[in-house]
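# Topology and contacts: notes
Each chain is listed here by its residues.
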Amino acid sequence: MLLDHFQSMRGAKSLAVGLTVLAGTTAGFAQTNANDATPVIRIQADQVKATVSPLLYGLMTEEINYSYEGGLYAELIRNRSFKANPTNVVYWSPVGGAAINLDHDTALNDALDSSLKLDASTASAIVPAGIANSGYWGIPLRAKTTYHVSFYAKAAPGFSGPLKVSLASKAGESIVSAEVADLTSDWKKFELDLQTPDLPASKDNVFKLTTATPGILWLQQVSLFPPTYKNRPNGNRPDIMQLLADMHPKFLRLPGGNYLEGDYINERFNWKKTIGDVAQRPGHRSPWNYWSTDGLGLLEYLGWCEDLKMEPVLAVFAGYALKHDYIKPGPDLEPFVQDALDEIQYVTGDTSTKWGAQRAKDGHPEPFPLHYVEVGNEDWFDKSGSYDERFAQFFKAIKAAYPTLQVIATTRVKNVTPDVIDEHYYLSQEQMEAQSHLYDKRARDTGTKVFVGEWATRVGSPTPNMAGALGDAAWMCCLERNSDLVVMNCYAPLFVNVSDPGKSMQWKTDLIGYDALTSYGSPSYYAQVMFSSRHGDQVLATDSQDFPTYSWQPPTRRRTGDEQPRPAQQVPSLFFDATRDSATGTIYVKVVNRADSAQSVAIEISGVNALQPSGLATVLKAQQPDDTNSLKDPRKLVPVTQRIKVPDTFFARSFPAYSITVLELQAR
Ligand code: AHR
C-alpha cells in the first residue's frame, strides 16, 4: 500500500524566496522562512563526503551477565567441571540420600584437578541415589529434540553401574532416560543421546544421574548439549545466533572488555588455556565474579565469526589487570608480547606455522581473516602510566611480524602513532544526543582512526527502552556520517540473562535479553538492525547539524554497571544522516525524532534528476519513551517497513513521536 502522507514541496520551495539557514535553531536545520517552522533536511546527492567503512557495524562481547555460560554457549549444565566454587559442589544437589563432595584428590587431569565424589551407598531400586542439576535457571527442553550427554566417570571397587541418565521435570518425573554401564576404577568417557517425546517447550526441568545399585563413584565434565546453531559441536544457541545474524554484523570484538584483563594477571583471558579438548581447559574466574569453563574459547569465538561471516577484532592481553597489577614494559613484558604474536599466528597462520598447525589440530586448518588487533582494554585506568610504553612494545612487535595489521590503542599514547584508537561511551539519552556531532569536527589528519568499541545509551533495564534506542540512533547517525574516521563501532554489553537480574545480571543495560528458553531484542537492538542492514557505502553531504557538543571525560574508576547518568541537557529533537549505495543507487535517509509529538520535515534531495515514485520507509516507534520489549512481550516494538509514495525530490513527511525512520529512495 502506498502511503499518502508524502506531500510534494515543489510549490512550497518556489514560494520560499531563498532558503535561509537559521543558525542555532533546532538541530541547525535550514528552514523555509522565519514564519514556517518546517525544518528542511537538505541532501546533496552529487556530493559524496566520505566512504562508509565496510566494517562499520559489529559486535562486542565478553563473559558478563551470563553471556556465554547461561547464554550464547549452548551448554545446559551449570558447573559441569565442579570448579565454580573451590570448596563446595555448587549448583548440584544430591538425589535419594546420596552424599556429594568436592574431591581434590581425584583429578581427571591437570586442568580439571578435582571431581565430584558421589557416595550412593544408600541406593536401591526403590530409592535410587545420585545428583541433579537445574542448569542456568532451568534446563530448557523442546519436543522431539535430541540432547547429547557426555561425562567422565570412575568407580570405587565393587561398583560398575549401571547409571541412569535422565531429563526430568522439576517435580522429578522422568521425561526421557537411558543407562550406561561398565564403570571401572579408571576414568572413562560416556556419551549418549536422549530424544524428548512430544511435549510443550519448557525450562522447568532438571538433569539427573542416578543409580539403583549402592556404590561410590566420581564424576567430571558432565555436559548436556541441545542442537546448536549450524550443528557446530560445542556450539551456540540457535535463537540468540539468529538474533545476531539479523544484525548483519561485520566483526566481533573479542574477548572483552574487562574479561580480557581479569581482576588479576592470572585471571586474564589466557588464550592458550582456552583451546583444544574442552576437558583439558582449566577455566578461570571472570572479573564479573563467576566461573567460566572456557568452553567458549578462542577457536569457538572464531567459529562464531565464521558462522556469521564476521571477522574477529582480536584484543590481546597487554599486561594490565583490573586491580591495577601491571607488567613493567621491557623484558618482563616480552612473554606477553610473544603470547600475542602466537595468538595472531593461531588465528591467521597457515598450517606450516607452529600455531597454525595447532589450530588445524584443533579442527580448523583454514586461517581466519584478521585486520585489526587491539592492545589491552580501557588502559586509561592504568594510573602507573605504563600503557604508553607497553603499547609501543606490542605495536612494534606486531608491526614487525604483521606489517599490514592495524593496531588499536585503548587510550591516547605518544610514543608511537596508533592506527586506531578505541573510545567508549556509556551515556544517558541526553548526553548521547548532545554528543551526536562529536566526530563532525574531529581532525582527520592525525593518522589515527576511531573505533567506538563500547557504547550504549543507558536507559532501561535489563534491556534498554525506546528512550535508549532514540539516543543510540542519534549517535549512530553521527558514526555513520563520520565513517571515514570511525571505522568500526559496537554496542556493549550485548547480552543479559534476565532470569534473576539480582544474580544473573552485572550490568544494567544490555542489548539482547534471554532466559534458558527464549530470547528477545530490545528497541535498541532493533535500532541496530535498522542501521546496520540499511546503509550505503557513500556518505552524502547534508546540512550542518551544529550544536554544542557534550564533552566526554574518561571515568576515573572502573565502571560497575549501575552508575547514574548525569543530569539532562538541552538537546535538539531531530537527528539525521544520508548515505547511498553506489552499486544500486539507493539513498538511505535516517531521521530520528526524539520529541513527544510528530514532526513534519521537508526533505530536499539535490543532485539527482528525479526519484522513483515509490520508496520504502522502515519505522521503529513508541507511544512512550519507556515503552520496551521483554521476555513476555518480545515484539512490542519492532521496525515496520512500508512502501511509500515519493512525489518529488522535495517533499514533506511526518515523522512520528519517539521514532526512528530509515527511508530508502531510488534516484532515476
Ligand atoms: O561493557 C561492560 C564493561 O565496560 C567492559 O567490560 C569494560 O571494558 C567497560 O568498562
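The present account deals with the structure reproduced in this document. (Residues numbered from 1 in each chain as written. Predicted model: local features only at pLDDT ≥ 70, side-chain atom pairs only at ≥ 80, totals over all residues. Heavy atoms only, no water.)

Moving on to the pattern of salt bridges. Scanning all chains against the criterion turns up 23 salt bridges. In this structure, the salt-bridge partner of Arg 442 is Glu 423, at a minimum N-O distance of 3.0 Å. With Arg 442 in the loop between helix H8 (429–434) and strand S23 (449–457) and Glu 423 in strand S22 (residues 420–427), this pair connects stretches of sequence that are 19 residues apart. For Arg 442, a relative accessible area of 27% corresponds to the partly exposed category. Overall, Glu 423 belongs to the buried group, its relative accessible area being 9%. With a shortest N-O distance of 2.8 Å, Arg 594 and Glu 433 are connected by a salt bridge. (Salt bridge = Lys/Arg side-chain N within 4 Å of Asp/Glu carboxyl O. Helix = DSSP H or I, 4+ residues; strand = E, 2+ residues; numbered from the N terminus. Buried < 20%, exposed > 50% of the residue type's maximum accessible area, 1.4 Å probe, protein only.)

Each strand in a sheet pairs with its neighbour through backbone hydrogen bonds, running either in the same direction (parallel) or in the opposite one (antiparallel). The parallel open sheet is built from eight strands, whose spatial order is S5-S16-S19-S20-S21-S22-S23-S24. A strand with exactly one partner marks an edge of an open sheet, and here the two such strands are strand S5 (59–60) and strand S24 (486–489). Sheet topology places S22 next to S23; seven bridges connect them, and they run parallel. Looking at S23, one finds that Asp 422 is bridged to Phe 451. In this fold helix H9 (residues 466–481) packs onto S22, S23 and S24, with an angle of close to 170 degrees to the strand it touches most, S23. (Pairing = 2+ DSSP bridges. Contact = heavy atoms within 4.5 Å. Axes fitted to C-alpha atoms, helices over the stretch in contact; angles between N-to-C directions.)

Turning our attention to the site of the ligand. Around the ligand, the surrounding shell holds 12 residues, and the nearest of these are Glu 62, Asn 258, Glu 378, Tyr 426 and Glu 454. Glu 62 places a side-chain nitrogen or oxygen 2.4 Å from an oxygen atom of the ligand. Within the contact set of the ligand, an oxygen atom lies 2.6 Å away from a side-chain nitrogen or oxygen of Glu 378. Protein contact buries 99% of the 280 Å² of open area that the ligand shows by itself. Here the shell around the ligand is built from residues that sort into five nonpolar, three polar and four charged. (Near = heavy atom within 4 Å. Polar contact = N/O pair within 3.5 Å; in protein donor to acceptor, adjacent residues only side chain to side chain. Areas by Shrake-Rupley, 256 points an atom, 1.4 Å probe, with all protein chains shown as cover. Nonpolar A, V, L, I, M, F, W, Y, C, P; charged D, E, K, R; others polar.)

Attention now moves to the pairing of strand S30 (residues 586–593). Counting buried positions over the eight residues of S30 gives eight, a clear majority of the element. Every second residue of S30 is oriented toward a common face, with Thr 586, Tyr 588, Lys 590 and Val 592 on one face and Ile 587, Val 589, Val 591 and Asn 593 on the other, all of them buried. Where strand S29 (residues 574–580) meets S30, seven bridges bridge the pair, whose relative direction is antiparallel. Looking at the pairing, Arg 580 lines up with Ile 587 of S30.

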